[in-house]
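Here is how the chains run, residue by residue.
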Amino acid sequence: GAVVSQHPSWVICKSGTSVKIECRSLDFQATTMFWYRQFPKQSLMLMATSNEGSKATYEQGVEKDKFLINHASLTLSTLTVTSAHPEDSSFYICSASRSGPPNEQYFGPGTRLTVT
Amino acid sequence: AQSVSQHNHHVILSEAASLELGCNYSYGGTVNLFWYVQYPGQHLQLLLKYFSGDPLVKGIKGFEAEFIKSKFSFNLRKPSVQWSDTAEYFCAVNLFSGGYNKLIFGAGTRLAVHP
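Thresholds applied
Residues numbered from 1 in each chain as written. Chains lettered and ligands numbered in written order. Predicted model: local features only at pLDDT ≥ 70, side-chain atom pairs only at ≥ 80, totals over all residues. Heavy atoms only, no water. Helix = DSSP H or I, 4+ residues; strand = E, 2+ residues; numbered from the N terminus. Buried < 20%, exposed > 50% of the residue type's maximum accessible area, 1.4 Å probe, protein only. Lys, Arg positive; Asp, Glu negative; His and termini not counted. Charge placed at Lys NZ, Arg CZ, Asp CG, Glu CD. Salt bridge = Lys/Arg side-chain N within 4 Å of Asp/Glu carboxyl O. Contact = heavy atoms within 4.5 Å. Buried area = accessible area lost by both parts, 1.4 Å probe. Pairing = 2+ DSSP bridges. Axes fitted to C-alpha atoms, helices over the stretch in contact; angles between N-to-C directions.

## Notes on the overall build of chain B
Then step 1. For chain B, the helix and strand inventory stands at zero helices and twelve strands.
Then step 2. Written out in order from the N terminus, the α and β elements of chain B read β-β-β-β-β-β-β-β-β-β-β-β.
Then step 3. Each of the 115 residues in chain B was classed as buried or not, and the buried ones make up 47%.
Then step 4. Each charge sign in chain B was given a centre, from 9 positive and 7 negative side chains, and these centres are 7 Å apart.

Given below as structure tokens:
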């Protein structure tokens, strides 16, 4: 149990376009979903936390208008990178957790975004 | 600010050698502790976790970790590594901050095991 999927697994887009990444909890209801960014050979950096039906909470330094997060249901959260630029190229990873303790996060396989 | 420190960025071992990866965190409140592994080209996998109880936790693939509260540490150990353990290892601490829980990752330790 506790499987999280992401789609697409990799995407290439042109500079200036927008791209949407989906994160789904397949066998549980995720009241909270998290979006991370991982640069090559670096650690995961939390971008934002989203609770179902609420606005996302962004970490300091993350542009809300550039990284739009929607958590419309208990099984789906989306991250839209708007007006993408080459510096947005990265590995984006989502995770999901159930309500209440133990507050464990279950990670998706990640999406590799390349902006040309 | 809360942080997680992993002391070794790169570790190179021969097969059958023992492994210990250090992890320290700076946070005085209640924490949940995790070790994740990321094999080359693969996604993050949970190795083991500590929430409460016995501070010595055992995970998958022969890994274990010990939570020492007085030292704010959660070091990962394996008595005898294998070539297949070559991967990047991340320590993470779950904090409860600002009304929601937040997972903070260490910088990671890249382990290379030579046959």
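## Topic: the pattern of salt bridges
Then step 1. What the rule picks out here adds up to nine salt bridges over all chains.
Then step 2. For Arg24(A), the salt bridge identified is with Glu22(A), shortest N-O distance 3.4 Å.
Then step 3. For Arg24(A), a relative accessible area of 34% corresponds to the partly exposed category.
Then step 4. For Glu22(A), a relative accessible area of 23% translates into the label partly exposed.
Then step 5. In this structure, the salt-bridge partner of Lys58(B) is Glu64(B), at a minimum N-O distance of 2.9 Å.
Then step 6. One salt-bridge network, held together by shared partners, links Lys58(B), Glu64(B), Glu66(B) and Arg77(B).

## Brief notes about the interface of chain A and chain B
Then step 1. On the chain B side, the residues contacting the 20 residues of chain A number 20 residues.
Then step 2. Between chain A and chain B, roughly 1600 Å² of surface is buried when both sides are summed, and carbon and sulfur atoms account for 54% of that area.
Then step 3. On the chain A side of the contact with chain B, Asn103(A), Glu104(A) and Phe107(A) bury the most area, a combined 29% of that side's loss.
Then step 4. Where chain A touches chain B, the interface holds two salt bridges.

## Focus on the sheet that holds strand E7 (residues 67-73) of chain A
Residue and element names in this part refer to chain A.
Then step 1. Read from one edge of the open sheet, four strands run E1-E3-E8-E7, paired in antiparallel fashion. Strands at the two margins of the open sheet, each flanked by one partner only, are strand E1 (4-7) and E7. Across the sheet, the mean angle separating the axes of adjacent strands is 15° when strand polarity is ignored.
Then step 2. Here strand E3 (residues 19-25) pairs with strand E8 (residues 76-81) via six bridges, running antiparallel. Within E8, the position partnered with Val19 by the bridge is Val81.

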